[in-house]
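Residue-level structural notes
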Amino acid sequence: MNRTIQIEKESCIKCGKCAQVCPSGIMVRDERSKEINLIHPEHCIGCGHCVDVCPTHSVIHSDFPAEHVHSIDYSQMPSPEQVMLLIKSRRSNRTITSKPVPQELLEQIVEAARYAPTGTNARQVSYTLITDPDKLLQVSDYTIGVFNSLAKVLLNPIVKLLLKPFMQDTYKYVPMFESLKQEHAEGKDPILRKATALLIIHTPKSNRFGCEEANLAYQNASLMAESLGISQVYMGFVLTAIKQDNKNTFNNIVGIEGRVQAIMALGMPAFKYPNYVDRL
């Protein structure tokens, strides 16, 4: 990457803010002259802190041309009370209608996810949206299939005799697997809850903090979805099935590479919750 960084000396007011915020220590303020010097600019991680904090637009960075830098109108920021209300009112609303989520709203949700922080600003988090009904059905079928296979293994008399004393929590789920299978056969879709879209958040297998970064992104997306009036549900069942399957089947179904870290089911709600309760 041919990244270039420079300081416009004529407009720089030597406030030193860029040096204070640079996580890589590239911006260094001279103690005497107060001028900002660049040291090892090749260590830049492209976070943009220096560009965003400069009050005189004196940091010229090739990753952040002027047309991509926007002033923040803090008067438009939601109040702390509004933010807290959004957080408190967010629900995993599983009453989803057949009406599809408009594409422009799905794109807003993904954009919100993309602004979540990542380690060293590596931004190795990818997003795949699935809206095709046949693909969504395949995901449900896949999850039920994995659970069914797992239940058969756990209920094998010899396996049960050996494992149940040490895996009592796991065996508590066996009746639920059967219940899910029955509901799925009846067309009730207990896995996706009739969601019309899936947001799959995935990272390269080499990303050490992939799980953390993906779930930070998930929360951004979840709050944006709530603000847009869209139901969102964390797909714990699907993620559990993926962890039990070592054949990469899910990735092949949805056409992605890497490791799936989080999945959000999305849909238009049949109704909204009029209340929230205090967490005691």
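The text that follows walks through the structure, step by step, so that each part is easy to find. (Residues numbered from 1 in each chain as written. Predicted model: local features only at pLDDT ≥ 70, side-chain atom pairs only at ≥ 80, totals over all residues. Heavy atoms only, no water.)

A few words now on the packing of aromatic side chains. Taken as a whole, this structure holds four aromatic pairs when the rule is applied. Ring geometry for Y142 versus F250: centroids 5.9 Å apart, planes at 50°, classification tilted. Separated by 108 residues along the polypeptide, Y142 in helix α5 (residues 133–154) and F250 in helix α11 (residues 249–254) bring together distant segments of the chain. The same class applies to Y142 and to F250, which are both buried. Positioned above the aromatic ring of Y273 is the side chain of R91, whose terminal nitrogen or guanidinium carbon lies 5.6 Å from the ring centre. (Phe/Tyr/Trp six-rings, centres within 6.5 Å; stacked < 30°, edge-to-face > 60°. Helix = DSSP H or I, 4+ residues; strand = E, 2+ residues; numbered from the N terminus. Buried < 20%, exposed > 50% of the residue type's maximum accessible area, 1.4 Å probe, protein only. Lys NZ or Arg CZ within 6 Å of the ring centre and 35° of its normal.)

The next subject is the sheet that holds strand β7 (residues 231–234). To summarise the sheet geometry, strands pair through backbone hydrogen bonds and adopt either a parallel or an antiparallel arrangement. Taken in spatial order, the four strands line up as β5-β6-β8-β7 in an open sheet, and their pairing is antiparallel. The outermost strands of the open sheet, each flanked by one partner alone, are β5 (126–130) and β7. Ignoring strand direction, the axes of neighbouring strands in this sheet form an average angle of 25°. Pairing geometry for β5 and strand β6 (residues 197–203), over five bridges, is antiparallel. Bridge pairing links Y127 to I201 in β6. Strands β5, β6, β7 and β8 (259–267) of the sheet are contacted by helix α9 (residues 210–227), whose axis makes an angle of about 10° with β8. (Pairing = 2+ DSSP bridges. Axes fitted to C-alpha atoms, helices over the stretch in contact; angles between N-to-C directions. Contact = heavy atoms within 4.5 Å.)

Moving on, we come to empty space enclosed by the protein. Gaps left between atoms are located by rolling a probe of water-molecule size over the structure's atoms. On inspection of all chains with the given rule, the structure shows two cavities of 30 Å³ or more. By volume, the largest cavity is sized at about 100 Å³. What lines the largest cavity is a set of 13 residues, and nearest its centre among them are C22, I26, C44, C47 and C50. For the lining of the largest cavity, a count of residues per class yields nine nonpolar, four polar and no charged. Approximately 90 Å³ is the volume found for the second largest cavity. Around the second largest cavity, the lining is made up of 14 residues, and of these C12, C15, C18, C54 and S58 lie nearest the centre. Among the residues making up the lining of the second largest cavity, the classes are represented as nine nonpolar, three polar and two charged. (1 Å grid on protein atoms, 1.4 Å probe; cavity = no way out; pocket = protein on both sides within 12 Å on 5 of 7 lines; lining within 4 Å. Points joined across faces, edges and corners; volume = space filled by probe spheres on them. Nonpolar A, V, L, I, M, F, W, Y, C, P; charged D, E, K, R; others polar.)

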